[in-house]
2 protein chains.
Amino acid sequence: MVRVRKQFRDLASPEAAHETIDSLALDPDTETVSLADSRGRVLAERIDAEMDVPGFDRASMDGFAVRARDTFGADEMDPIELELAGAVHAGSEPDVEVEPGTAVEISTGAVMPPGADAVVIVERVEERDGSIAVYKAVAPGDSVMPAGTDIAAGARALGPGTRITPREIGLLSALGVDEVPVRGKPRVGIVSTGDELVRPGESLRPEAGQIYDVNSYTIAAGVEEAGGVPELYPHAGDDYDEMERLLRRAADECDLVLSSGSTSASAVDVIYRVVEERGELLMHGVAVKPGKPMLVGTLGEGSAYIGLPGYPVSALTIFRAFVAPKIRDAAGLPESRTATIEGSMAVRERYAEGRMRLMPVGLVADDEGELLVYPVDKGSGATTSLVEADGIVEVPPDVSYLAEGETVEVQLFSADVRPPAVLGVGEDDPALSRLLDRVPSTRYLAVGSREGRRRLRDGVPDVAVVAGDTDPDEVGVELGGWTREWGLVVPDGNPANVTGLSDLVDADLRFVNRDTNSGLRTALASALGDLADERGSTRHELVEAIEGFDRTTKAFESPARAVLTGRADIGLGLRTSAESLGLDFVSLGDQPVRVFAAPERMEKPGVGALRAALESTADVIDGLSGYHTRPRE
Amino acid sequence: MVRVRKQFRDLASPEAAHETIDSLALDPDTETVSLADSRGRVLAERIDAEMDVPGFDRASMDGFAVRARDTFGADEMDPIELELAGAVHAGSEPDVEVEPGTAVEISTGAVMPPGADAVVIVERVEERDGSIAVYKAVAPGDSVMPAGTDIAAGARALGPGTRITPREIGLLSALGVDEVPVRGKPRVGIVSTGDELVRPGESLRPEAGQIYDVNSYTIAAGVEEAGGVPELYPHAGDDYDEMERLLRRAADECDLVLSSGSTSASAVDVIYRVVEERGELLMHGVAVKPGKPMLVGTLGEGSAYIGLPGYPVSALTIFRAFVAPKIRDAAGLPESRTATIEGSMAVRERYAEGRMRLMPVGLVADDEGELLVYPVDKGSGATTSLVEADGIVEVPPDVSYLAEGETVEVQLFSADVRPPAVLGVGEDDPALSRLLDRVPSTRYLAVGSREGRRRLRDGVPDVAVVAGDTDPDEVGVELGGWTREWGLVVPDGNPANVTGLSDLVDADLRFVNRDTNSGLRTALASALGDLADERGSTRHELVEAIEGFDRTTKAFESPARAVLTGRADIGLGLRTSAESLGLDFVSLGDQPVRVFAAPERMEKPGVGALRAALESTADVIDGLSGYHTRPRE
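Residues numbered from 1 in each chain as written. Chains lettered and ligands numbered in written order. Predicted model: local features only at pLDDT ≥ 70, side-chain atom pairs only at ≥ 80, totals over all residues. Heavy atoms only, no water.

(A) Geometry of the overall build of chain A. Scanning chain A from N- to C-terminus turns up 18 helices and 37 strands. A compact globule built from 633 residues would reach a C-alpha radius of gyration of about 26 Å, whereas chain A, at 36 Å, exceeds it by more than 25%. Referenced to the eigenvectors of the C-alpha coordinate spread, the extents of chain A come out at roughly 120 × 70 × 50 Å. Taking as baseline every contact in chain A between residues at least 6 positions apart, the subset at least 24 positions apart corresponds to 72%. Per element, the accessible surface of chain A, about 24,900 Å² overall, is 44% carbon and sulfur. In chain A, which carries 63 positive and 110 negative side-chain charges, the distance between the mean positions of the two groups comes to 6 Å. (Helix = DSSP H or I, 4+ residues; strand = E, 2+ residues; numbered from the N terminus. Rg over C-alpha atoms; globule rule 2.2 N^0.38 Å. Contact = heavy atoms within 4.5 Å. Areas by Shrake-Rupley, 256 points an atom, 1.4 Å probe, with all protein chains shown as cover. Lys, Arg positive; Asp, Glu negative; His and termini not counted. Charge placed at Lys NZ, Arg CZ, Asp CG, Glu CD.)

(B) Inspection of the nonpolar core at higher detail. The biggest cluster of nonpolar side chains holds 82 residues, and the ones touching the most others in it are B:Met294 and B:Phe322. The leading source of residues in this core is helix H7 (residues 312-331) of chain B, at 11 residues. Non-local contacts of B:Phe322, meaning those with residues more than four positions away in its chain, are made with B:Pro14, B:Ala17, B:His18, B:Ile21, B:Val286, B:Val288, B:Met294 and B:Leu358. Grouped together as the second largest cluster of nonpolar side chains are 78 residues, A:Ile392, A:Val425, B:Val53 and B:Ile164 included. (Core = buried A, V, L, I, M, F, W, Y, C linked by side-chain atoms within 4.5 Å. Buried < 20%, exposed > 50% of the residue type's maximum accessible area, 1.4 Å probe, protein only.)

(C) Structural detail: empty space enclosed by the protein. All names here are of chain B. Summed over the entire model, instances satisfying the criterion amount to 1 cavity of 30 Å³ or more. The space that makes up the largest cavity amounts to roughly 50 Å³. In terms of lining residues, the largest cavity is bounded by Val422, Gly424, Leu432, Leu435, Leu436, Thr442, Arg443, Tyr444, Val463, Val465 and Leu610. Taken together, the elements giving at least two residues each to the lining of the largest cavity come down to strand S29 (422-426), helix H9 (430-437), strand S30 (442-445) and strand S31 (463-467). (1 Å grid on protein atoms, 1.4 Å probe; cavity = no way out; pocket = protein on both sides within 12 Å on 5 of 7 lines; lining within 4 Å. Points joined across faces, edges and corners; volume = space filled by probe spheres on them.)

(D) Summary view of the packing of helix H1 (residues 14-23) of chain A against helix H7 (residues 312-331) of chain A. All names here are of chain A. Axis separation between H1 and H7 bottoms out at 10 Å; the angle between their running directions is 25°. Relative to H7, the element H1 is oriented roughly parallel. Relative to H7, H1 is oriented so that their crossing is right-handed. Every residue of H7 that contacts H1 at Pro14, Ala17, His18, Ile21 and Asp22 is listed here: Ala321, Phe322 and Lys326. A per-class count over the contact of H1 with H7 returns 5 nonpolar, 1 polar and 2 charged. (Axes fitted to C-alpha atoms, helices over the stretch in contact; angles between N-to-C directions. Parallel < 35°, antiparallel > 145°, perpendicular 65-115°, else oblique. Left-handed = near helix turned anticlockwise from the far one by under 90°. Nonpolar A, V, L, I, M, F, W, Y, C, P; charged D, E, K, R; others polar.)

(E) Inspection of the environment of B:Thr470 at higher detail. All names here are of chain B. Within the secondary structure layout, Thr470 lies in the loop between S31 and helix H11 (472-475). The exposure class assigned to Thr470 is buried, which follows from its relative accessible area of 16%. C-alpha separation for the pair Thr470 and Ser449, spaced 21 residues apart in sequence, amounts to 9.7 Å. Look past the residues within four positions of Thr470 in its chain and what remains in contact with it is Arg453, Val475, Arg594 and Phe596.

(F) Main features of the packing of aromatic side chains. Residues and elements named next belong to chain A. On inspection of all chains with the given rule, the structure shows 2 aromatic pairs over all chains. Note on Phe511 and Phe549: the rings are 6.5 Å apart at their centroids and 25° apart in plane angle, and the pair reads as stacked. Of this pair, Phe511 sits in strand S33 (residues 511-514) while Phe549 sits in the loop between helix H14 (539-545) and strand S34 (552-553); the two residues are 38 residues apart in sequence, bridging distant segments of the chain. For Phe511, a relative accessible area of 0% gives the class buried. In this arrangement the basic side chain of Arg348 is found over the ring face of Tyr401, its NZ or CZ atom lying 3.9 Å from the centre. (Phe/Tyr/Trp six-rings, centres within 6.5 Å; stacked < 30°, edge-to-face > 60°. Lys NZ or Arg CZ within 6 Å of the ring centre and 35° of its normal.)

(G) Seen up close, the domain arrangement of chain A. Each assigned domain of chain A is listed with its residue range as follows: domain 1 (14-27 + 186-331), domain 2 (30-53 + 150-183), domain 3 (58-145), domain 4 (338-419) and domain 5 (423-629). Just the C-alpha atoms count here: the centres of domain 1 of chain A and domain 2 of chain A sit 35 Å apart. (Domains from an automatic or database assignment.)

(H) A look at the environment of A:Tyr233. Residues and elements named next belong to chain A. Position of Tyr233 relative to the elements: it lies in the loop between strand S16 (229-232) and helix H5 (240-253). Owing to a relative accessible area of 1%, Tyr233 belongs among the buried residues under this scheme. Each C-alpha atom, one on Tyr233 and one on Leu574, is 44 Å from the other, the two residues being 341 residues apart in sequence. Residues in contact with Tyr233, not counting those within four places in the same chain, are Gly189, Ile190, Val191, Arg199, Leu246, Arg249, Ala250, Glu253 and Cys254.

(I) Structural detail: the relation of the copies chain A and chain B. Structural alignment of chain A on chain B gives an RMSD of 0.2 Å, achieved by rotating through 180° and translating 0.0 Å along the axis. Between the two chains, the operation in question is that of a two-fold axis. Residues of chain A ranked by C-alpha distance from the rotation axis are headed by A:Thr338, positioned 3.2 Å from it. Same-surface contact between copies: 100% of interface residues of chain A are shared with the interface of chain B. (Least-squares fit on C-alpha atoms with pLDDT ≥ 70 in both.)

(J) Looking closely at the side chain of A:Ser303. Note that A:Ser303 resides in the loop between strand S20 (295-298) and strand S21 (304-308). Among the polar contacts made by the side chain of A:Ser303, one reaches the main-chain carbonyl oxygen of A:Cys254 at a distance of 3.2 Å. (Polar contact = N/O pair within 3.5 Å; in protein donor to acceptor, adjacent residues only side chain to side chain.)

(K) Here's a closer look at unusual backbone geometry. Cis geometry is adopted by the peptide bond preceding A:Pro290, which originates at A:Lys289 and carries an omega value of -5°. By secondary structure assignment, the location of A:Pro290 is in the loop between strand S19 (288-289) and S20. With omega at -10°, the peptide bond leading from B:Val53 into B:Pro54 counts as cis. Topologically, B:Pro54 is positioned in the loop between strand S2 (47-48) and strand S3 (58-59). With a phi close to 45°, B:Asn494 is a non-glycine residue in the positive phi region. Within the element layout of this structure, B:Asn494 appears in the loop between strand S32 (477-490) and helix H12 (501-506). According to the relative accessible area criterion, B:Asn494 is buried, its value standing at 15%.

(L) Here's a closer look at the pattern of salt bridges. Throughout the structure, instances matching the rule amount to 76 salt bridges over all chains. For the salt bridge of A:Arg167 with B:Asp390, the shortest nitrogen-to-oxygen distance reads 2.9 Å. Of this pair, A:Arg167 sits in helix H3 (residues 166-174) while B:Asp390 sits in the loop between helix H8 (385-388) and strand S26 (391-395), each in a different chain. One salt-bridge network, held together by shared partners, links A:Arg46, A:Asp48, A:Arg156 and B:Asp437. (Salt bridge = Lys/Arg side-chain N within 4 Å of Asp/Glu carboxyl O.)

(M) The side chain of B:Arg514, seen in detail. All names here are of chain B. Of note, Arg514 is situated in strand S33 (residues 511-514). Given the relative accessible area of 2%, Arg514 is considered buried. In this structure the side chain of Arg514 is engaged in a polar contact, spanning 3.5 Å, whose partner is the side chain of Asp515. Once residues lying within four places of it in the same chain are set aside, the contact partners of Arg514 are Asp428, Leu520, Arg521, Thr552, Thr553, Lys554, Ala555, Phe556, Pro559 and Leu572.

(N) Representation of the interface of chain A and chain B in the model. On the side of chain B, 103 residues touch chain A, which itself brings 102 residues to the contact. Both sides of the chain A and chain B interface together cover about 8,000 Å² of buried area, and 56% of this is carbon and sulfur. Between B:Asp416 and A:Arg163 there is a salt bridge, and its shortest N-O distance comes to 3.2 Å. There are 32 residue pairs in polar contact (both at pLDDT 80 or more) connecting chain A and chain B. By residue number, the principal contributor to the side of chain A that touches chain B is H3(A), which donates 8 residues. Classifying every residue of the side of chain A that touches chain B gives 43 nonpolar, 27 polar and 32 charged. (Buried area = accessible area lost by both parts, 1.4 Å probe.)

And the structure:
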């Protein structure tokens, strides 16, 4: 039975949302797993020892089992001789009794033979023919571990709620427990609701507006991490009857059903209908950014429903803040100690919307290993910000800004999340991709050379990569670099017979440019300036003559790909891109690509690793057309 | 090929042992897993985007796709009318083109139809019959997310070595990647070598000296936690030919083979033989306590061998310190941030053996949540210390003691290990077991009333449980308690017709006692004192007359079980034990069992939870014969 607490207001407070979600019943049944599969699970009930460990009086040293009384008075000067009556080894049953005046050879771990009450260790004995001479008296119990010494039958071994780690598995092994009663994992169904969504691995028709479903697998992984069992339901596309059937099936099979925001009103209608017909809508909307459209309800007996926002970072944020704690709680798993860490704001961040903000943030360590926290993904909805966002900072409604240096608590998206060894920003470049592969745990944001320079100055990243001429002193400490050949990418065979920049201006060709942060764009602008000077014209006039000068793209290969697919006749790019895509290339020059570090981060191990990797620039650029190493300055 | 660094000295230094183990090649091949199974794995190679995300120019708002130029000049006063030419929805291909003077209805996420270069949002438009009035001019690109804005084809998405958490799964989903190249997990074979060992789940013959195999499953769980794949080989018992075959098979199938110390010299001989015939012995013995007998070698091409000590805590200690880091490294997984924590020594600890000590320690939080660290399992080999030991402290050879309050670094046995909410010590009692079930995350060490009082005074535990009369002021703050009926447990039907303590002294009966720390033993001693006074004798004389007075056992039910199995005629115990085992009982009185807290720990939440649980003492003792609640003092 699902217990409910109804919370209806236009926008519920975050506290009320937590309470409503807490009120959902999500208690999986106890299950039994094999010992080998019990790691990470939570014990459902107390385990008492059902047997003594060891189950017999055990010799704790190699030596001779004796009646202690027989050895009384023995010493170095006056040994006592005992007749040797046999031997007992570990793992075998004694077939001999220790009568007065006799001894039995015994190995560590063996069962004490009847009659014996002590062991004389082998070092205190001289072996003779058929007898032993004991050089030291022993007391009853010496070198004997009585049955039940380790664990006695009836004793409490482990309590309910114990998290099973290797050591608990050890204790359970000792007790011979091979079937372990553990708390069940809550079953969480994930229903995918966008018409345009396609599952990874299936073929995509971008021309029909299809995109891959990001949230289903992301949330499934989050459910698993929180200790639940995710169940991905097939995607119903725009078949709303099928979607309704799937929702009903998920409600029957799962303890909790999740979906994430759909752009389709019809899909939302289906969800509302199923929630209202079978269960109850408990909450629509929470006064928190993001997550305003969050839905909470029941889907009849035994199943709850939570609707998450659609943007990937927002979905993960709301999942992390509201849903994962509930799943963990149902699974009996405490939150990982690493899931929350402290850091200080790297920049000042304003916010004043009067409702709580769950601010996605990235982390970077400074030179002393202290964590700096910076905001990312300000509502852009970009999937790439998923890997830039390490966690969230809860900003209360009455806080209007966070000061630079202010200490904040970061709820990590995953206990496994770590700050990168190096945080880099700047130009994108194929040689750079290879270089970064050689430095473990780097994070690189391809924001372009201009924005990269700006961010390095603002003090967040460790390094910036700048393509084109720049004043090194204005950027940072140069760690190394290379040159690359840039120019115009044209179709194979150069059908328009482009020979230089003049043709870009004069011929009637559809052009694709890069964005203004790109070092390639800067180089083009500079070359157009030179051409304008030559022609006695202005750069503006030349630019106006180029069709598509404002068609900008995000990555170094994008214009070339536009040429490849016929979307453009000519694109700004690199010789290496043209060659790798089988296109022709008209060179306009070489430009340096240089890696600069923030001076105060030079001692960071990751920066050192990057610097070391730059020693092998020749390897890094090997096979890239138009690339050259250049001496460090 | 296994690369080796030979280290031969009588006892290798710990540093040399690390180096030797580092030199073992343990590099699993890359494998491919499905996206859904990739969480927690490590990316084997760089993932570049092979497509633009989104793969099309996408409307980012609900509205109307237009040619921006057509809207120039539109404002509130002077709207521009455009003919409505159709509609495009998310997930479908546009079947209409935007000609000059026309507009097409479009929903968020839909493909921009040919001809359109901007979206006028729905709020800026008045819909008319077959046309729209645009009240605001838009610029080209307004409310449009161009193809590749999120991720551009050719861009670096994730680097090799990236740990895959939910957010990386999100990015991979966006790129349509459903098969993920990840680093393989090293395969670790576990060979069990003691003659006397039996696998949990199999039947045990204690009379033949058999015990359950503790280390195999413990180490297997540790291997799994470190990112390896454990492979448990069948137990060969004392069949050495079979054991040799298993070792060879393990060497062929695994990257690393582990065994843990055997008490059997023959088993060790088999290991030596296989290592020497197929590979090379690189190290025998390390100057570290425990772990002196550690073996390191190779087992021919492609497999390494490490022999661990036999005591469970020692095996886990050496595994944690030397083997787990190697497995993690091979798996590409960094050590969890939580795997090492700081605390301060709760007691002074001496040590002066001139070699490094890996000291097993327990953790307890003080009232302010600061971690206190105390040594456990001083070489006892007890399995129970497995769950008392939270991790290890490395004590360098030249340190002769650790001072109370000194800060130490604890390497936890598992990142999931946490200090208990309450650490209790003292008497064992069936009602106490039930009480503890009601307080999450308790750790209780049944060391007896006397030792419990002593430890509470020494400042380590939070609470002590004392059975029998005691001066509360000398112990701590009383939280609550009950009384229990104690006496003599005799066989069903009371064949020797025992009626009181006199019979224990006078009749010729084999007795089983409890240890001197037990509150039951204290009660018995006191009753014997009274009897001696009555008889004008001494307690010593009475004790001398009891056969087996020195046969002590560890748990409250142990003497009763000895009576049940005929190993004794009479035992010290509780009415409830006698009744639950179907035995007879001769009452000698009631004794209080009381829970005392250290005054300075009264504010600990766990102590509060225990105190709250004690409010329900009546429930706790319900059904236990001879138990009564008693008023709190």
